[in-house]
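# Coordinate inspection notes
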Amino acid sequence: MIGFEYARAASVADAVRQMAESPDAKFVDLMKMDVERPAKLIDVSKLPLDQVEETAGGGLRIGALVANSDLAYHPLVERRYPVLSSALLAGASQQLRNMASVGGNLLQRTRCPYFYDLVTPCNKREPGAGCSAVDGLNRMNAILGTSESCIAVHPSDMCVALAVLEATVRVTGPRGERVIALSDFHRLPGDTPQRDTNLEGDELITSVELPARGFAANHTYLKIRDRLSYAFALVSVAVGLELEGGAIRQARFALGGVAHKPWRNAEAEAALQGRAPDEAAFAAAADLMLREARGFGHNTFKIDLARRALVRALSQAARGTPQSQSSKKIT
Ligand code: SF4
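As the structure is a computational prediction, the values presented were derived from the model and not from experiment. (Residues numbered from 1 in each chain as written. Predicted model: local features only at pLDDT ≥ 70, side-chain atom pairs only at ≥ 80, totals over all residues. Heavy atoms only, no water.)

Let's shift gears to the overall build of the protein chain. Looking only at helices and strands, the protein chain features 12 helices and 11 strands. For a compact globule of 331 residues, the expected C-alpha radius of gyration is about 20 Å, and the protein chain comes in at 20 Å, within 12% of that figure. Dimensions of the protein chain, computed from the C-alpha atoms along their principal axes, are close to 60 × 50 × 35 Å. A burial count over the protein chain gives 56% of its 331 residues as buried. For the protein chain, the proportion of contacts with a sequence separation of at least 24, taken over those separated by at least 6, is 64%. For the protein chain, the computed accessible surface area is about 14900 Å², with 51% contributed by carbon and sulfur atoms. Of the charged side chains in the protein chain, 39 are positive and 37 negative; the average position of the first set lies 4 Å away from that of the second. (Helix = DSSP H or I, 4+ residues; strand = E, 2+ residues; numbered from the N terminus. Rg over C-alpha atoms; globule rule 2.2 N^0.38 Å. Buried < 20%, exposed > 50% of the residue type's maximum accessible area, 1.4 Å probe, protein only. Contact = heavy atoms within 4.5 Å. Areas by Shrake-Rupley, 256 points an atom, 1.4 Å probe, with all protein chains shown as cover. Lys, Arg positive; Asp, Glu negative; His and termini not counted. Charge placed at Lys NZ, Arg CZ, Asp CG, Glu CD.)

Dropping the structure here:
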C-alpha cells in the first residue's frame, strides 16, 4: 500500500495555499492506475466553482466544477453553443458525464495504452524511457504534431469544440490569476511529452470563458469511433461556419483524436473565406488540414478518415443539419 496525505480545500485561496506549501501535492490524480504517486492529494471537489454565468461581453463563464452533463443540457449552451453541447454528449457515458467536470475534462491525459502499462517504456510517464507506441500498437495514436518522443493524442471531445469557439481558460496560483487561450492550453509533445498543458503545477483552473460568437446556425460535431457509445474518437471534427449571401464569411474547424491537442490550421480555415460552401472547397480545405499528416502503420488509415470526416462535417454545418446526439439525451 502506498500512503499519502489527503486534505480538502475550503476555498480557492486555501487550495492555492496548500499547493504552494506542498510541492509534491496534486489536485487531480492517476493514482488508481499507479501512474502517479503524489505525497498529498488536495480535494477541490467542494469548491464553489459550479456556476454557468453570462459575461458582460455577451459570452458565458463556466465554472471549472460544472458537470459535463449539466453543461451539455444548460439552456444557454444548447441554444447559443450547440457545438459544445453536442461534443459533450458525444463523450464518455451518461454516468461519467454526470461526474466529470469541465476542469477535469481539460486535464484529461492520453489514453495511449502504454502510458498505463507500467512495464513498457513511455516517455510521457517516465521521461527518457522511450516510446513504445512508435513501433507498437498505435492505431489510436496521432498523425499530426507528433515528435520522436511521443505520438499520443489528447482524448477530449469537449476541448475540440472549445477550440472552435476560441474559449479561454482562467487559472489561479501563487502568482495570481491569468487567462490562457484554449489554443495555448494544451501542448504538442516535442521533447517534453510528460507535460500535457501549459498549466503550472501549482495553478488551479477556476473557469472556462466562451466569447459571444457561438456558430449556432451552422455547426456540427462529428465523432468517428469503433462503437457508438463510450469510446474515444478515432477522429472527431468540430465545425462552426458563418454564411452570408451564399458564401462563407468565416470558417472554424478543429480535429480531435489526431494530435496531442485539438488541431486547427489557420491556412485551411482562411482558404474557405469567401468561397461557396461546396464539396470542392471543403475538399481543398481538408487537403490543407492534412498536408503534414504522417501515419505510423496501424494508424495511417486516420489520414484519409480525417480528410473525409472533415468534408462531411463541413457539409453538415453548411446545410444546417448537424450530427445528432439525440440518442445521448436524457429528457
Ligand atoms: Fe508514452 Fe506517448 Fe509513446 Fe504513448 S505515444 S508510449 S504516451 S511516449
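Still more ground to cover, so stick around.
As a further point, take the nonpolar core. With 40 residues, the main nonpolar core has Leu-71, Leu-84, Leu-106, Leu-162 and Leu-210 as its most contacted residues. Looking at this core, the element that brings in the most residues is helix α8 (residues 158-165), giving 8 residues. Excluding residues within four positions of it along the chain, Leu-71 makes contact with Val-52, Ile-62, Val-66, Val-77, Leu-84, Leu-88 and Val-102. (Core = buried A, V, L, I, M, F, W, Y, C linked by side-chain atoms within 4.5 Å.)

Turning next to the sheet that holds strand β6 (residues 168-173). The sheet built from 5 strands is open, its strands ordered β4-β5-β8-β6-β7 with antiparallel pairing. The outermost strands of the open sheet, each flanked by one partner alone, are β4 (52-54) and β7 (176-181). Strand after strand, the sheet turns through a mean of 25 degrees between neighbouring axes, direction not considered. Examined bridge by bridge, β6 and strand β8 (residues 204-210) share 5 bridges and lie antiparallel to one another. Looking at the pairing, Val-169 lines up with Val-208 of β8. (Pairing = 2+ DSSP bridges. Axes fitted to C-alpha atoms, helices over the stretch in contact; angles between N-to-C directions.)

To continue, consider the side chain of Ser-132. Note on placement: Ser-132 falls in the loop between α7 (113-116) and α8. There is a polar contact of 2.6 Å between the side chain of Ser-132 and the backbone oxygen of Pro-121. Those residues in contact with Ser-132, other than ones at most four positions away along the chain, are Tyr-114, Thr-120 and Pro-121. (Polar contact = N/O pair within 3.5 Å; in protein donor to acceptor, adjacent residues only side chain to side chain.)

In this structure, Phe-215 takes a positive phi of about 55 degrees despite not being glycine. Within the element layout of this structure, Phe-215 appears in the loop between β8 and β9 (219-224). For Phe-215, a relative accessible area of 5% translates into the label buried. Backbone geometry places Tyr-230, a non-glycine residue, at a positive phi of 55 degrees. Here Tyr-230 lies in the loop between β9 and β10 (235-244). A relative accessible area of 48% means that Tyr-230 is categorised as partly exposed.

This next bit is on the packing of aromatic side chains. Applying the stated criterion across every chain yields a total of 1 aromatic pair. Arranged with centres 5.0 Å apart and planes meeting at 85 degrees, the rings of Phe-115 and Tyr-116 form a pair that is edge-to-face. The pair formed by Phe-115 and Tyr-116 is uniform in burial state, with each residue classed as buried. (Phe/Tyr/Trp six-rings, centres within 6.5 Å; stacked < 30°, edge-to-face > 60°.)

So, on to the pairing of β8. Summarising burial for β8: 7 of the 7 residues are buried, a large majority. In the sheet, strand β5 (residues 60-63) pairs with β8 via 4 bridges, with the strands oriented antiparallel. By the bridge assignment, Leu-60 is partnered in β8 with Leu-210.

The next thing to look at is the sheet that holds strand β1 (residues 5-8). Hydrogen bonding along the main chain pairs the strands of a sheet, whether they run parallel or antiparallel. The sheet built from 3 strands is open, its strands ordered β1-β3-β2 with parallel pairing. Looking at the sheet topology across the chains shown, the edges are occupied by β1 and β2 (25-26). Note that β1 and strand β3 (residues 40-43) share 4 bridges and pair parallel. Each residue of the ladder has a partner; that of Tyr-6, found in β3, is Leu-41. Contacts from helix α1 (residues 12-21) reach β1, β2 and β3 within the one sheet, and its direction differs from that of β3 by about 170 degrees.

Further remarks concern helix α11 (residues 279-290). Compared with an ideal rise of 1.5 Å per residue, which puts 12 residues at 16 Å, α11 spans 16 Å between its outermost C-alpha atoms and is within 8% of the ideal. Within α11, burial applies to Ala-281, Phe-282, Ala-285, Ala-286, Leu-288, Met-289 and Leu-290. Looking at the buried residues of α11, the elements they touch are β11 (247-256), α10 (266-270) and α12 (301-319). (Expected span 1.5 Å × (residues − 1).)

Another aspect to go through is the pairing of β6. Pairing geometry for β6 and β7, over 6 bridges, is antiparallel. Bridge pairing in β7 places Thr-172 opposite Glu-177. Between the antiparallel neighbours β6 and β7 lie 2 residues.

The next thing to look at is the site of the ligand. Near the ligand you find 13 residues, and of these Cys-112, Cys-122, Cys-131, Cys-150 and Ile-151 are the closest. Here the residues of the shell around the ligand are counted per class, giving 8 nonpolar, 4 polar and 1 charged. (Near = heavy atom within 4 Å. Nonpolar A, V, L, I, M, F, W, Y, C, P; charged D, E, K, R; others polar.)

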